[in-house]
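# Analysis of the macromolecular model
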Amino acid sequence: MNKKVRHVLGISGGKDSAALAIYLKKKHPELDMEYYFCDTGKELDETYALIANLETFLGKSITVLKNAAKSTEDPFDHFYNVFGNYLPSSNIRWCTKYLKLHPFEEFVGNDPVISYVGIRGDEDREGYISRKTNIQSIFPFRQNIWSEDVIAKVLKPENIGSLNTLISLNNYGLSARALEIIDRPLTMGFTSDQKLALLLSEGVKEFNRLVFDFLKSTSYPLSMEESFALVENDDILVRDDIFDILRNSGVGVPQYYEKIKFEVDGVVGEYARSRSGCYFCFFQQKIEWVWLFEQHRDLFDKAMAYENEKEGFTWNQKESLVELSKPERIATIKREFLNKKRKSNSPYLRDILDDSEEEGCAACFI
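Below or above, wherever it landed, is the structure these notes cover. (Residues numbered from 1 in each chain as written. Predicted model: local features only at pLDDT ≥ 70, side-chain atom pairs only at ≥ 80, totals over all residues. Heavy atoms only, no water.)

## Remarks on the packing of aromatic side chains
- Tallied over the entire structure, the rule returns 25 aromatic pairs.
- Centroid distance phenylalanine 76 to tyrosine 80: 6.0 Å. Interplanar angle 15°. Geometry classified as stacked. Residue phenylalanine 76 and its partner tyrosine 80 are located together in helix H3 (residues 75-82), separated by 4 residues, close to a single helical turn.
- On the basis of relative accessibility, which here comes to 0%, the residue phenylalanine 76 falls in the buried class.
- With relative accessibility at 2%, the residue tyrosine 80 sits in the buried group.
- These aromatic residues form a ring-pair network of at least three members: Phe76, Phe79, Tyr80, Phe83, Trp94, Tyr98, Tyr279, Phe280, Tyr306 and Trp315.
- The positively charged end of arginine 184 is found above the aromatic ring belonging to phenylalanine 190, 3.8 Å away from the centroid.
- The residue whose ring lies beneath arginine 273 is tyrosine 256, and the NZ or CZ to ring-centre distance is 6.0 Å. (Phe/Tyr/Trp six-rings, centres within 6.5 Å; stacked < 30°, edge-to-face > 60°. Helix = DSSP H or I, 4+ residues; strand = E, 2+ residues; numbered from the N terminus. Buried < 20%, exposed > 50% of the residue type's maximum accessible area, 1.4 Å probe, protein only. Lys NZ or Arg CZ within 6 Å of the ring centre and 35° of its normal.)

As C-alpha cells, then:
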C-alpha cells in the first residue's frame, strides 16, 4: 500500500516563506500542509515573533526542529564545539547542513513529500533540491513550478515519444506551436532552458498538465497523486507582491526588514536587514553588520565573542568585527552604502539591500 504524500513548507523566518504559507492557505486550502521551522538557537527575536503571528493566521502549529535536541547547548553551539570552534563560512556551510537540512530530512524520513519553496518569480536561482528521491520541490511563485531535475527529465530527447503519446491521449489544450517545440530536438543553439521558456510562453497550465501526467510514469512523489491543484496555477509573484501579502494578511513584515534612518556627514540614509537566518550570518553585507551593531548591540557583541575565541577566524573573512565596529570604519561603510544607493537604478532601499539576496542558502533565507 502506498504511503500518503505529505505536503510540507519550511518557515525560515524570512519574508518569502512566510508569504508562501499565507498565499497557499488562501488559494489552496485543500492542501493538508505541515509547517516546520529549523531553529539554530541564534535567530533574531523578530523571527520568533513572525512565527507566532503565522501560527495565529494559519490556525496550525509550526513544528520546531532542532538538531542535537538532547544537547544541553543550543544547536549552533553544539556543532560549533563538535567542529572544534570552527566558524561556518561561505565555503564551509556546516551550519546549513547540520542545522537546517539534516533536521528537515529527519523530519520527513522516507515518506513521499512535496516541499513548497518560496523562490520568487523575479529571482534567478533554483533553491534547495534534496538528493533524497522521496522529496520533490515545487515553486508556486514562479512561472515554472517544477524543479530543474524534473524539467531535465521531461525534456530529455528520448522522452519526446512518451510526451507525444500522452498528448495524443489527452491533448491538454496545447497549441500547434507548442507541439512543434516539443518535437524540436535540443542542440548547442537550442538548449533545454530555451525550450522550456518557449513552452511556457505557449501556455503554463497546458504545459503543467503534460508534466504532471508524465510524472505518473516516474518515482517522484507526485506520481502517487491523482490530481495536483498547482497544475492550474499560472501566478507569478515578485518582491512587491510578497510585502503586500504579509501586510494585507495582518501577519506583518518581519521587523528587521523595516527601514531605520541613520546619518553620516550630515546626510540621512536608511538601512535594514535583507535576510532571515542567524544574527551573525556570514552572508550579511557590511551595512547589515553596522545595523546589527547599532540596533542589537548585545547580539553584535556575541558574534564578536565567537571571533575572539579562536584567532584568525572572522565572520567576514577579510575583516574582524572589532575592526568593523570602530567609529571611523562604521562611517566609511555608511558612506559607501549611500554611494551605492545613489548609483543604483532603483530608488527602493530593499532593491539595494537585496542585490546580494540570491547569495546564500535557500534553506535559510527564503
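## So, the side chain of lysine 195
- Note on placement: lysine 195 falls in helix H8 (residues 192-202).
- Among the polar contacts listed, one links the side chain of lysine 195 to the backbone oxygen of arginine 184, at a separation of 2.9 Å. (Polar contact = N/O pair within 3.5 Å; in protein donor to acceptor, adjacent residues only side chain to side chain.)

## With respect to the nonpolar core
- Counting 99 residues, the largest nonpolar core has Tyr116 and Trp146 as its most contacted members.
- When neighbours within four sequence positions are excluded, tyrosine 116 is seen to be in contact with His7, Val8, Leu9, Gly10, Leu20, Leu24, Leu31, Met33, Ile138, Pro140, Phe228 and Leu230.
- Judged by nonpolar contacts, the second largest core, of 9 residues, contains Tyr36, Phe107, Val108 and Ile135. (Core = buried A, V, L, I, M, F, W, Y, C linked by side-chain atoms within 4.5 Å. Contact = heavy atoms within 4.5 Å.)

## Quick look at the environment of glutamate 309
- Considering the arrangement of structural elements, one finds glutamate 309 in helix H12 (residues 297-309).
- Expressed as a C-alpha distance, the spacing of glutamate 309 and arginine 142, which sit 167 residues apart in the sequence, is 43 Å.

## Some points on the packing of H3 against helix H4 (residues 94-108)
- With their axes 10 Å apart at the nearest point, H3 and H4 run at an angle of 130° to one another. Here H3 lies oblique to H4, going by the angle between them. Of the two possible hands of crossing, H3 and H4 adopt the one that is right-handed. Here Pro75, Phe76, Phe79 and Tyr80 of H3 lie close against H4, whose contacting residues are Trp94, Tyr98 and Leu99.
- Residues belonging to the contact of H3 with H4 are distributed by class as follows: 7 nonpolar, no polar and no charged. (Axes fitted to C-alpha atoms, helices over the stretch in contact; angles between N-to-C directions. Parallel < 35°, antiparallel > 145°, perpendicular 65-115°, else oblique. Left-handed = near helix turned anticlockwise from the far one by under 90°. Nonpolar A, V, L, I, M, F, W, Y, C, P; charged D, E, K, R; others polar.)

## As for the pairing of strand S5 (residues 135-138)
- Going residue by residue along S5, you find Ile135 and Ser137 tucked away on one face and Gln136 and Ile138 tucked away on the opposite face as well.
- Here strand S4 (residues 113-116) pairs with S5 via 4 bridges, running parallel. The residue bridging isoleucine 114 from the neighbouring strand is glutamine 136, located in S5. (Pairing = 2+ DSSP bridges.)

## A closer look at the environment of serine 276
- You can see serine 276 is positioned in the loop between strand S7 (267-271) and helix H11 (286-295).
- You can call serine 276 buried: its relative accessible area is 1%.
- A sequence separation of 263 residues divides serine 276 from glycine 13, and the C-alpha atoms of the two residues are 5.5 Å apart.
- A distance of 3.4 Å separates a polar atom in the side chain of serine 276 from a polar atom in the side chain of serine 12.
- Only 3.4 Å separates the side chain of serine 276 from the backbone nitrogen of glycine 14, close enough to count as a polar contact.

## With respect to the pattern of salt bridges
- Tallied over the full model, the rule gives 23 salt bridges.
- With a shortest N-O distance of 2.8 Å, arginine 209 and glutamate 232 are connected by a salt bridge. With a gap of 23 residues between them, arginine 209 in helix H9 (residues 204-215) and glutamate 232 in the loop between H9 and helix H10 (239-249) connect regions that are remote in the sequence.
- By relative accessible area, which is 38% here, glutamate 232 ends up partly exposed.
- A salt bridge links aspartate 213 to lysine 216; the shortest N-O distance between them is 3.3 Å.
- Several salt bridges share partner residues, and in doing so they unite Lys3, Arg6, Glu34 and Asp111 into one network. (Salt bridge = Lys/Arg side-chain N within 4 Å of Asp/Glu carboxyl O.)

## Notes on a nonpolar patch on the surface
- Together, Val82, Phe83, Tyr86 and Ile92 make up a nonpolar patch on the protein surface, roughly 330 Å² of accessible area in all.
- Inspection of the secondary structure assignment puts valine 82 in helix H3. (Patch = residues over 30% accessible without salt bridge, like charges linked within 9 Å, V, L, I, M, F, W, Y side chains within 5 Å. Areas by Shrake-Rupley, 256 points an atom, 1.4 Å probe, with all protein chains shown as cover.)

## Observations concerning the packing of helix H7 (residues 176-183) against H8
- One can describe the packing of H7 onto H8 by two numbers: an axis separation of 9 Å at closest approach and a directional angle of 165°. Between H7 and H8, the angle falls in the class roughly antiparallel. Seen along the crossing, H7 lies across H8 with a hand that is left-handed. Here Arg177, Ala178, Ile181 and Ile182 of H7 lie close against H8, whose contacting residues are Lys195, Leu198, Leu199 and Glu202.
- For the contact of H7 with H8, the residue count by class is 5 nonpolar, no polar and 3 charged.

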